[in-house]
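# Structural features, examined
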Amino acid sequence: AVVSTQSTGKLHQSNILSLNLSQNFITHFPRLPHKLKSLTLGGRSIENSGVRLPTTLESLCLENCDLNDSNFREFLSDLRSIETFRAPFNHLTSESVVDLAMLFPRLSVLDLSSNPLTSEGLETLSLVAPPTLTLQNCKASDVTADVITALHGSVSVCDLSYNKIDYPRICKGLSEEIRASVICQGNRLIIKGISSATR
C-alpha cells in the first residue's frame, strides 16, 4: 500500500500498536503513534526519512535502510524496550555489532542477515548475543570451529545459512556434542545452542 501525507496527518494521536511503512512513497515522514510497539520500515535511507522512532517500540525492522557503523546510534540509542530487532540488507560491520546488541537490554531476537560481518565479529557477538540470532548471507566465509563453539555456548538458535562456510572442514575441530547440535544441509547451517535445551 502507498501511504500519503494526507492519510498520516493524525497518525501520532492514534492508538495503533503495529505499523508497516516499508516500500511506501512518503515525502514527509509522519509523527508515529505515541503508543507504537512494532514498526517495519524498509527500502529507503533512514537518515533522509526524517523519522523519529518512538521509545515505546518493542519490535523494530529496518530492512535496507542504509544503517551503518556511524549512524545507528543516532536512531537507536533511546530504544531501551526493544526485544526484537531486524536490520537485514544494511551496512553494519563487525566493528559495531556488539555495541548495537548492547543498546537493547531486553533483546531476545536479532537478525543482521546480509550485513558484511566477519568470523571475528561473529565470535565477539557471541559474548552478547540474544537467544535467537540470524546471520544469513553475511559473507562470513572465514568462520572457524571456535566461532561455532562460542555461538553454541551463548544462543538458543543461530542461523548462519548462505555464508559459504566450509562446515565439513571445520566440524573436525568441534566436540561431538556440538556436532550433534548443528544442522547442515546444503547452504543451510543452523546451530542449536546450549540454552535451547534449558528452555
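So, here is what we can say about the structure in this document. (Residues numbered from 1 in each chain as written. Predicted model: local features only at pLDDT ≥ 70, side-chain atom pairs only at ≥ 80, totals over all residues. Heavy atoms only, no water.)

Across all of its chains, the model carries zero disulfides by this definition. Lacking any disulfide linkage, C65 is separated from the closest cysteine sulfur, that of C61, by 7.6 Å. On the basis of relative accessibility, which here comes to 2%, the residue C65 falls in the buried class. Here C171 stays free of any disulfide, with the sulfur of C184 as its closest cysteine sulfur at 8.2 Å. (Disulfide = S-S within 2.5 Å. Buried < 20%, exposed > 50% of the residue type's maximum accessible area, 1.4 Å probe, protein only.)

Right, let's talk about a negative patch on the surface for a bit. A cluster of like negative charges, contributed by E120, E123, D142 and D146, occupies part of the molecular surface. Here E120 shows up in helix 3 (residues 119-125). Classification of E120 by relative accessible area gives exposed; the value is 62%. (Patch = residues over 30% accessible without salt bridge, like charges linked within 9 Å, V, L, I, M, F, W, Y side chains within 5 Å. Areas by Shrake-Rupley, 256 points an atom, 1.4 Å probe, with all protein chains shown as cover. Salt bridge = Lys/Arg side-chain N within 4 Å of Asp/Glu carboxyl O. Lys, Arg positive; Asp, Glu negative; His and termini not counted. Charge placed at Lys NZ, Arg CZ, Asp CG, Glu CD. Helix = DSSP H or I, 4+ residues; strand = E, 2+ residues; numbered from the N terminus.)

In this structure, L53, L60, L76, F85, L135, I148 and L160 are the most contacted members of the largest nonpolar core, which totals 55 residues. Broken down by secondary-structure element, the contributors of at least two residues to this core are strand 2 (38-42), strand 3 (59-63), helix 1 (72-76), helix 2 (97-102), helix 3, helix 4 (145-152), helix 5 (167-170) and strand 9 (188-192). Examining the composition of this core, we find that four residues originate from one element, helix 4, more than from any other. Excluding anything up to four places from it in sequence, L53 contacts L39, L41, L60, F75, L76 and L79. (Core = buried A, V, L, I, M, F, W, Y, C linked by side-chain atoms within 4.5 Å. Contact = heavy atoms within 4.5 Å.)

With that settled, consider the side chain of S113. Within the secondary structure, S113 is located in the loop between strand 5 (109-111) and helix 3. Using a relative accessible area of 8% as the deciding quantity, one classes S113 as buried. At 2.8 Å, the side chain of S113 forms a polar contact with the side chain of D111. Residues in contact with S113, not counting those within four places in the same chain, are A87, P88, F89, T134, L135, Q136 and C138. (Polar contact = N/O pair within 3.5 Å; in protein donor to acceptor, adjacent residues only side chain to side chain.)

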